[in-house]
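The residues making up each chain are set out below.
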Amino acid sequence: MSEPSYSDGPDGPEHRTQRLPVVAPEPLGPERNASSSTHRPVPAADEPVRGRAGRFWSGRRIPAALLALVVLGASGLFLYDVAAVRADHPAMRWRRSLADGLAERSLDDVWVLTGAGIAAALGLWLLLLALTPGLRSLLTMSRRHHGVHAALDRTAAALVLRDRAQEVSGVQSVRVRSGRRKAAVRAVSHFRELGEVRADLESALTTAIAELGLAKPPKLSVRVHRAAKKG
């Protein structure tokens, strides 16, 4: 590369060029090589990320808080009574009555069986809450970005399907119930053949369900019937 220079000579201005020094590019150091080797490409927006999109788990705050209060109150009451007995004070009347009643009643007594049934039902209910995720109103969406876990509300999904069904020619009204495994669509048609309306509805709603981006798209069930005649 050269740079023009100007000077005044005896015969007028002269134009000369002067070569500029060329700087060689610096070689890549070990730090750059290490960073380039550990670089991971970011997936595209329409490229699903590998991995199972699990459901959202509920915090179960109300059952956990109630159980904690019951256990805390019962344990505190028993601890106070045991400490009172150890201090040469008489036991509480309710504990003496409970001990006498359990000693006198047999295992096939109605009250014993009733209490055992209530305790078993409460235990099964707590196990059910602990082993199930809850939040059944949320539909898990497929994962398309690392670290992003999204869900769609069932009511919002039903509204999207209803609006898409309203665009089909011949549809007068639509009722949509969106669940985790099935999307039930009930449409009323006031003109066109019912078979044609049903076919257009299935095509449009199948595309709409695919566009929702759900991890487990629900099965589509479409029913179309004729509007009732007035008069």
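Residues numbered from 1 in each chain as written. Predicted model: local features only at pLDDT ≥ 70, side-chain atom pairs only at ≥ 80, totals over all residues. Heavy atoms only, no water.

### What about the overall build of the protein chain?
Working step 1: Per the secondary structure count, the protein chain includes six helices and seven strands.
Working step 2: For the protein chain, the succession of helices and strands along the chain, N to C, is β-β-α-α-α-α-β-β-α-β-β-α-β.
Working step 3: Looking at the protein chain residue by residue over its 231 residues, the buried ones come to 20%.
Working step 4: Put simply, 55% of the contacts in the protein chain that link residues at least 6 apart link residues at least 24 apart.
Working step 5: Approximately 18,000 Å² of the protein chain is accessible, and the part contributed by carbon and sulfur atoms is 59%. (Helix = DSSP H or I, 4+ residues; strand = E, 2+ residues; numbered from the N terminus. Buried < 20%, exposed > 50% of the residue type's maximum accessible area, 1.4 Å probe, protein only. Contact = heavy atoms within 4.5 Å. Areas by Shrake-Rupley, 256 points an atom, 1.4 Å probe, with all protein chains shown as cover.)

### Re the packing of aromatic side chains
Each aromatic ring pair is described using two quantities: the centre-to-centre distance and the angle formed by the ring planes.
Working step 1: Scanning the entire structure with this criterion turns up one aromatic pair.
Working step 2: A centroid spacing of 5.4 Å and a plane angle of 75° characterise the contact between Phe78 and Trp94, whose relative ring orientation is edge-to-face. Here the residue Phe78 occupies a position in helix H2 (residues 61–86), and Trp94 occupies one in helix H3 (residues 93–104), the gap between them amounting to 16 residues. (Phe/Tyr/Trp six-rings, centres within 6.5 Å; stacked < 30°, edge-to-face > 60°.)

### With respect to the side chain of Ser178
Working step 1: Structurally, the position occupied by Ser178 is in strand S5 (residues 171–178).
Working step 2: Ignoring sequence-local partners within four residues, the contact set of Ser178 consists of Leu139, Arg154, Ala157, Ala158 and Ala183.

### Notes on the environment of Asp153
Working step 1: Relative to the assigned elements, Asp153 resides in strand S4 (residues 151–153).
Working step 2: Considering only alpha carbons, one finds Asp153 and Ser137, 16 residues apart in sequence, at a separation of 5.9 Å.
Working step 3: Setting aside residues up to four positions removed in sequence, Asp153 forms contacts with Ser137 and Leu138.

### Some remarks on the confidence of the model for the protein chain
Working step 1: Per-residue pLDDT for the protein chain averages 77, and the proportion of residues at 70 or more is 76%.
Working step 2: Low confidence marks residues 28–46, where pLDDT is under 50. Its contacts with residues over four positions away, or in another chain, come to eight contacts. (pLDDT = per-residue confidence, 0-100.)

### Some words on the nonpolar core
Working step 1: Judged by nonpolar contacts, the single largest core of 18 residues is most densely connected at Leu161, Val171, Val174 and Leu201.
Working step 2: Sorting the residues of this core by element identifies helix H5 (154–166), S5, strand S6 (182–189), helix H6 (194–211) and strand S7 (219–226) as the ones contributing at least two each.
Working step 3: With six residues, the single largest contributor to this core is H6.
Working step 4: Once residues lying within four places of it in the same chain are set aside, the contact partners of Val171 are Ala165, Gln166, Ala187, Val188, His190, Val197 and Leu201.
Working step 5: Counting five residues, the second-largest nonpolar core is a separate cluster that includes Leu139, Leu152, Ala157 and Leu214. (Core = buried A, V, L, I, M, F, W, Y, C linked by side-chain atoms within 4.5 Å.)

### Re the sheet that holds S7
Working step 1: Spatially, S5-S6-S7 is the arrangement adopted by the three strands of the open sheet, whose pairing is mixed. Strands at the two margins of the open sheet, each flanked by one partner only, are S5 and S7. The mean inter-strand angle of the sheet, taken between neighbouring strand axes irrespective of direction, is 15°.
Working step 2: As judged from the eight bridges shared by S6 and S7, these two strands associate in the parallel manner. Residue pairing across strands places Val188 opposite His225, the latter belonging to S7. (Pairing = 2+ DSSP bridges. Axes fitted to C-alpha atoms, helices over the stretch in contact; angles between N-to-C directions.)

### Overview of the environment of Ala157
Working step 1: You can see Ala157 is positioned in helix H5.
Working step 2: Spatially, the C-alpha atom of Ala157 lies 9.2 Å from that of Arg177, the residues being 20 residues apart in sequence.
Working step 3: If near-sequence neighbours (up to four positions away) are discounted, Ala157 is found in contact with Leu139, Leu152, Ser178 and Leu212.

### Side note on a nonpolar patch on the surface
Working step 1: The grouping of Leu77, Phe78, Trp94, Leu98 and Leu102 at the surface amounts to a nonpolar patch, some 470 Å² of accessible area in total.
Working step 2: Going through the elements one at a time, H2 and H3 are the ones with two or more residues in the nonpolar patch.
Working step 3: With three residues, the single largest contributor to the nonpolar patch is H3.
Working step 4: On the accessibility criterion, Phe78 (41% relative accessible area) is partly exposed. (Patch = residues over 30% accessible without salt bridge, like charges linked within 9 Å, V, L, I, M, F, W, Y side chains within 5 Å. Salt bridge = Lys/Arg side-chain N within 4 Å of Asp/Glu carboxyl O.)

### Concerning the pattern of salt bridges
Working step 1: This model, assessed by the stated rule, comprises six salt bridges.
Working step 2: Of the charged contacts in the structure, one is a salt bridge between Arg105 and Asp109, with a shortest N-O distance of 3.2 Å.
Working step 3: The closest approach of N and O atoms between Glu211 and Arg164, which form a salt bridge, is 3.1 Å. With a gap of 47 residues between them, Glu211 in helix H6 and Arg164 in helix H5 connect regions that are remote in the sequence.
Working step 4: If you follow the salt bridges from partner to partner, you end up with Arg192, Glu196 and Asp200 in one network.

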